[in-house]
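# Residue-level structure breakdown
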Amino acid sequence: GEWFDAVSCCVAFSRGGIKTKSKEVQRFRHALVRLMSLCHGSALEEIKGDDESDIIEVIDVAGLDIRTLKLLWECKETYQFDRVEL
């Protein structure tokens, strides 16, 4: 629903930069999809309960830059924010 619509709008709005900044647009889009995948996975993890056998897969988190990964880790470990709340 809403997350898909938000990502779709961001991808559509980034079309204007493809000719002049194609690499930046591609990085933005890839990061956006990875972050939304992580949000969706985190939300599913919240509602799945205590069943440890269900592994929630997300799209290539290693493709995010170090600064973003560090921020996500700090929010979870230091401030006890769930990743979905970011």
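Every value quoted in this text rests on a predicted model; they were computed, and no experiment measured them.

## Notes on the pattern of salt bridges
Think of it this way: side chains of opposite charge can pair up when their charged atoms draw near. Within this structure, the stated rule accounts for 2 salt bridges. A salt bridge links R34 to D60; the shortest N-O distance between them is 2.9 Å. Of this pair, R34 sits in helix α2 (residues 22-48) while D60 sits in the loop between α2 and α3 (66-77), and the two are 26 residues apart along the sequence. Taking the relative accessible area as the measure of exposure, D60 reaches 40% and is therefore partly exposed. Two residues, K70 and E74, come together in a salt bridge whose shortest N-O distance is 4.0 Å. You can see K70 and its partner E74 sitting in helix α3, 4 residues apart, about one turn around the helix. On the basis of relative accessibility, which here comes to 26%, the residue E74 falls in the partly exposed class.

Definitions and cut-offs
- Residues numbered from 1 in each chain as written.
- Predicted model: local features only at pLDDT ≥ 70, side-chain atom pairs only at ≥ 80, totals over all residues.
- Heavy atoms only, no water.
- Salt bridge = Lys/Arg side-chain N within 4 Å of Asp/Glu carboxyl O.
- Helix = DSSP H or I, 4+ residues; strand = E, 2+ residues; numbered from the N terminus.
- Buried < 20%, exposed > 50% of the residue type's maximum accessible area, 1.4 Å probe, protein only.

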